[in-house]
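Secondary and tertiary structure notes
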Amino acid sequence: MPGQTRSRPAALKNGKVTRRLAGATHPSGNGIPESSLLIAAFEATADGLLIVDHAGKIVRFNDRFVRMWGIPDSVLATGNDDDALAYAVGQLVDPDAFISKVRELYANPESESFDVLNFKDGRVFERYSIPQRVNKKPVGRVWSFRDVTDRERADGKLEAEVHRAQRRLSRLDGLWHLIARSDIDRQILTHDVLAEGARALELTSGLLAHRDGDQLVLDIATHPMTTQWLSGGRTLDETLSGRTLAAGRTLASSSLLSDPAFKDLQVLQDLGLQCGIATPIRVGERDYVLSFADVSPRDEPFDDEDRAYVELLAAYFGRLLRLAGQEAEIARLAYHDPLTNLPNRARFRERLMELIPQSRRTQRRFALLYIDLDRFKQVNDTLGHAAGDRVLVQAMDRLRPIIREGEMLARLGGDEFAVLVPEISNPAEMDALARRMCDALVAPFRVEHHDFYLSASIGIALFPEDGDSADDLLAHVDAAMYRAKEEGRNVYCFYSEKIAERLRGRQRIQEGLRQALTRDELRLYFQPFVRMDTLEVVGAEALLRWAKPDGSIAEPGEFLAVAEESGLMVPIGQWVTREALSRLRSWGMSGKDFQLSVNVSAAQFADPDFLEHLASAVRLSAVDPRAIAIEITESVALQDPEIAQATLSCCRDMGLKVVLDDFGTYYSSLTYLKKLPVDAIKVDRTFVRELPEGRDDAAIAKSVIALGLSLGRGVIAEGVETHEQAAWLMSEGCTVAQGYLYGRPMPADRFAEWMALQQVHAQAV
């Protein structure tokens, strides 16, 4: 049978294949013929046996062989080896390999062979073939077949267990290599363990998140798209992680889109996830979730080994999170005052040392304020330390609302507090801050039906003026605080005398301005606008001056900044408007071709009552609103363009003109200027000063003029001092100017006289 594609029929007996054992006819020692013994053994073996001659013709086979191969009697009855071979070989997974091996053996009659046959129905046979010899010469071949299907299946299960064990060891080995490193930052370690978990599970991304109400809040993710998607905030029911938190157990799916339990998740549509596994983690009072996913479906479902691995990772992350919480609490205890929970001296010094190199690199100034409660010992001596502690807590409660975001309020010990302000633009800010702190602490402290009237002595030091090291700054701010105590308590002092003197000067200006409003010391000067081609006066600008008690006249640059910072600019601006309109009425210029411009400050423009006060001033003056223009700077208009547009539109509805001053200094866009309701723009004097020789100034001035004219706005050049400047401006289309070439700022009486002379001159001409 094996190996013959065409063979002669075997010897037949009663229509069946003859079964013979050649050379086995003599009796055995017990009288039983040896052939009978051999036949009995041949049939009794557990293996299927087949004997063929040297040409492959079937000589004999046992019943076990027939049963194992399942050869029906109808095939055996034909006596045709080819039919038997075809039937047997047709059951194999790889029949060609079977026949090829048989032919190889017939070509080498002395060889032996062992191999495994795999059947289409899952059975597995071992095949063993040896030569049959007579007188030591091969005359045929004996084939034995053993059914090892059950053993193979057992071996397969064992192999699968071995594979799972190897996978488990590989996963644990990869994890161990990460967590055994002591030099790795915890945030980096968390990310790397997440990435290792995704790799071990053969998934592309991992994340750790926690529950906040009905929201899923991301802690860390390995994939940027996941981070971006979750950064906007997602509800629990949009994600696999949220479903896992709700279930309180490990959830997994190898095909999320076809799984009824998960196919409605928003994350599947947005990120295209197709498989995932997640497990919850409980740390203290917070619920976390560990999740892994992929954008491709998984060939096999997640098994118990996968779940065990994810839950192992979850246990590890839970330990990390608990350690982080413990370390945060240790750090809080180490760096915070137990009474007030404010940062303590150690944390304050640490933050100061961090800030110094940062500020040195960015060339920024910062400030320290050292606050000591005056007469605090009186509380402890009267009512004891418990009462003193309550006073300290009250002091903290008063100081904390004064401290802005980014600033640090600390308790250094005893009755000493400190504030670190990481960035200041000028020392006056600290002057105002210290004053607010003194005011907050001067009110009585109520303890056990007793009122204690304390106050604060505050020292102020600035970086880099007062030191460029933490030790120097702390020593100097402490010295400034003691100087404040020496000056009478409830006082603040700067360490630098220069700064202190400059601030004292600002204080004198502020106090003087307050008195100037009541003493009638403010004055208005007027500078004309002139048509450069005809020298006709077409208007004037009202300019503020301060006539000091010593007889000197202060210009705006000396006091306007202080007025803005101190809140005096609003009442001063209201006075300017009323005074300017009163002068316009007294000159009798209202209704004529003359326009008086009044400057509006940033504080005044932002005042909620600005429009009401302006309308009242116009109404009381009884002047024609068309003769009035309000001037705001480009910087004021840019602070809030939408509000500026609405406010200026209301001004124009009153009949007033609007002039945009300092145009070009803040590089307003064409779109912005087009939307802003202004009648004219002023070319800033900084672009006029170098005309016509200055190429850069000429280019900017030319662009500003062209822009204004193209939008139908009037254009006024300020700071014109030479005929050459005037000629160049007129050549570019600018016809109205303001500057020393035509007239300096003049008091109201002199301006009226000057205007009369201009009219006489015009009539004479």
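Residues numbered from 1 in each chain as written. Predicted model: local features only at pLDDT ≥ 70, side-chain atom pairs only at ≥ 80, totals over all residues. Heavy atoms only, no water.

**Regarding the overall build of the protein chain**
- Helix and strand counts for the protein chain come out as 28 helices and 30 strands.
- A separation of at least 24 residues holds for 61% of the contacts in the protein chain among residues at least 6 apart in sequence.
- For the protein chain, the exposed surface amounts to about 39000 Å²; the carbon and sulfur share of it is 51%. (Helix = DSSP H or I, 4+ residues; strand = E, 2+ residues; numbered from the N terminus. Contact = heavy atoms within 4.5 Å. Areas by Shrake-Rupley, 256 points an atom, 1.4 Å probe, with all protein chains shown as cover.)

**A few points about empty space enclosed by the protein**
- Scanning all chains against the criterion turns up four cavities of 30 Å³ or more.
- The space that makes up the largest cavity amounts to roughly 190 Å³.
- Lining the largest cavity are 18 residues, with Leu-207, Val-267, Leu-273, Ser-291 and Ala-293 sitting closest to its centre. (1 Å grid on protein atoms, 1.4 Å probe; cavity = no way out; pocket = protein on both sides within 12 Å on 5 of 7 lines; lining within 4 Å. Points joined across faces, edges and corners; volume = space filled by probe spheres on them.)

**Description of the packing of aromatic side chains**
- All chains considered together, the criterion is met by 16 aromatic pairs.
- Aromatic side chains Phe-526 and Phe-751 sit 5.8 Å apart centroid to centroid with 35 degrees between the ring planes, which places their arrangement in the tilted category. Taken together, the residues span a long stretch of sequence, with Phe-526 in strand E21 (residues 522-531) and Phe-751 in helix H28 (residues 748-764) at a distance of 225 residues. By the burial criterion, Phe-526 is buried, and Phe-751 matches it.
- Each member of the aromatic cluster is reached from another via a ring pair, and the members are Phe-61, Phe-65, Trp-69, Phe-98, Phe-119, Phe-125 and Phe-145. (Phe/Tyr/Trp six-rings, centres within 6.5 Å; stacked < 30°, edge-to-face > 60°. Buried < 20%, exposed > 50% of the residue type's maximum accessible area, 1.4 Å probe, protein only.)

**A few points about a nonpolar patch on the surface**
- The grouping of Phe-114, Val-116 and Tyr-128 at the surface amounts to a nonpolar patch, some 290 Å² of accessible area in total.
- Along the polypeptide, Tyr-128 turns up in strand E6 (residues 124-134). (Patch = residues over 30% accessible without salt bridge, like charges linked within 9 Å, V, L, I, M, F, W, Y side chains within 5 Å. Salt bridge = Lys/Arg side-chain N within 4 Å of Asp/Glu carboxyl O.)

**Here's the deal with the environment of Val-658**
- Structurally, the position occupied by Val-658 is in strand E26 (residues 657-663).
- Given a relative accessible area of 0%, Val-658 falls into the buried group.
- Between the C-alpha atoms of Val-658 and Val-678, which are 20 residues apart in sequence, the distance is 4.8 Å.
- Not counting chain neighbours up to four residues away, the residues in contact with Val-658 comprise Ile-630, Leu-648, Cys-651, Arg-652, Pro-677, Val-678, Asp-679 and Ala-680.

**Observations concerning the pattern of salt bridges**
- Within the structure shown, the criterion is met by 34 salt bridges.
- Linking Asp-533 and Arg-531 is a salt bridge whose minimum nitrogen-to-oxygen distance equals 3.0 Å.
- A relative accessible area of 27% places Arg-531 in the partly exposed class.
- Bridged by salt links that share partners, the residues Arg-211, Arg-282, Glu-285 and Asp-287 form one connected network.

**Notes on the sheet that holds strand E10 (residues 234-235)**
- Taken in spatial order, the six strands of this open sheet run E10-E9-E8-E13-E12-E11, and their pairing is antiparallel. One side of each edge strand has no neighbouring strand; the edge strands of this open sheet are E10 and strand E11 (251-253).
- Note that E11 and strand E12 (residues 275-283) share three bridges and pair antiparallel. Across the sheet, residue Leu-251 finds its bridge partner in E12, namely Ala-278. (Pairing = 2+ DSSP bridges.)

**Here's the deal with the packing of helix H19 (residues 569-587) against helix H21 (residues 610-621)**
- Between H19 and H21, the least distance of the axes is 9 Å, while the angle of their chain directions is 25 degrees. Classed by the angle they form, the pair H19 and H21 counts as roughly parallel. The handedness of the crossing between H19 and H21 comes out as right-handed. Across the interface between the two elements, Gln-574, Thr-577, Arg-578, Leu-581 and Arg-585 of H19 pack against His-613, Leu-614, Ala-617, Val-618, Leu-620 and Ser-621 of H21.
- Of the residues contributing to the contact of H19 with H21, the split by class is five nonpolar, four polar and two charged. (Axes fitted to C-alpha atoms, helices over the stretch in contact; angles between N-to-C directions. Parallel < 35°, antiparallel > 145°, perpendicular 65-115°, else oblique. Left-handed = near helix turned anticlockwise from the far one by under 90°. Nonpolar A, V, L, I, M, F, W, Y, C, P; charged D, E, K, R; others polar.)

**A look at the layout of surface pockets**
- One number sums up the size of the largest pocket: a volume of about 1100 Å³.
- Residue lining of the largest pocket: 41 residues in total, with Glu-541, Leu-543, Pro-556, Leu-560 and Asn-599 positioned closest to the centre.
- Every element with two or more residues in the lining of the largest pocket is listed here: E21, strand E22 (537-547), helix H18 (556-566), H19, helix H20 (602-606), strand E25 (628-633), helix H22 (634-639) and E26.
- Here the residues of the lining of the largest pocket sort into 16 nonpolar, 12 polar and 13 charged.

**Focus on the nonpolar core**
- Formed by 76 residues in total, the largest nonpolar core has its most connected members in Ile-572, Phe-594, Ile-630, Leu-729 and Phe-751.
- Apart from residues lying up to four places away in sequence, Phe-594 is in contact with Val-537, Val-538, Gly-539, Ala-540, Leu-584, Met-589, Ala-627, Phe-751 and Met-755.
- In this structure, Leu-369, Val-391, Ala-440 and Leu-441 belong to the second largest nonpolar core, which totals 37 residues. (Core = buried A, V, L, I, M, F, W, Y, C linked by side-chain atoms within 4.5 Å.)

**Looking at helix H7 (residues 186-200)**
- Helix length check: H7 (15 residues) gives 21 Å between terminal C-alpha atoms against 21 Å at 1.5 Å per residue, within 8%.
- Where H7 terminates, the next one or two residues include Glu-202, which has phi positive at roughly 60 degrees. (Expected span 1.5 Å × (residues − 1).)

**Brief notes about the packing of H21 against helix H23 (residues 641-653)**
- Axis separation between H21 and H23 bottoms out at 11 Å; the angle between their running directions is 15 degrees. Between H21 and H23, the angle falls in the class roughly parallel. Taken as a pair, H21 and H23 cross one another with a handedness that is right-handed. Of the residues in H23, those in contact with Phe-610, Leu-611 and Leu-614 of H21 are Thr-647, Cys-650 and Cys-651.
- Considering only residue class, the contact of H21 with H23 consists of five nonpolar, one polar and no charged.

**Here's the deal with the confidence of the model for the protein chain**
- Averaged over every residue, the pLDDT of the protein chain is 82; the share at 70 or more is 85%.
- Segment residues 3-32 is flagged for pLDDT under 50; beyond a separation of four residues in sequence, or across chains, it makes 61 contacts in the model. (pLDDT = per-residue confidence, 0-100.)

**Regarding the sheet that holds strand E14 (residues 365-374)**
- Strand order in the open sheet formed by five strands is E15-E16-E14-E19-E20, and the pairing between neighbours is mixed. The open sheet has two edge strands with one neighbour each: strand E15 (408-413) and strand E20 (492-494). Along the sheet, successive strands turn relative to each other by an average axial angle of 20 degrees, direction set aside.
- Looking at chain direction, E15 and strand E16 (residues 416-424) are connected through five bridges and run antiparallel. Bridging across to E16, Gly-413 finds its partner in Glu-416.
- Contacts between helix H14 (residues 385-399) and the sheet are confined to E14, E15 and E16, with E16 contributing the most and set at about 15 degrees to the helix.

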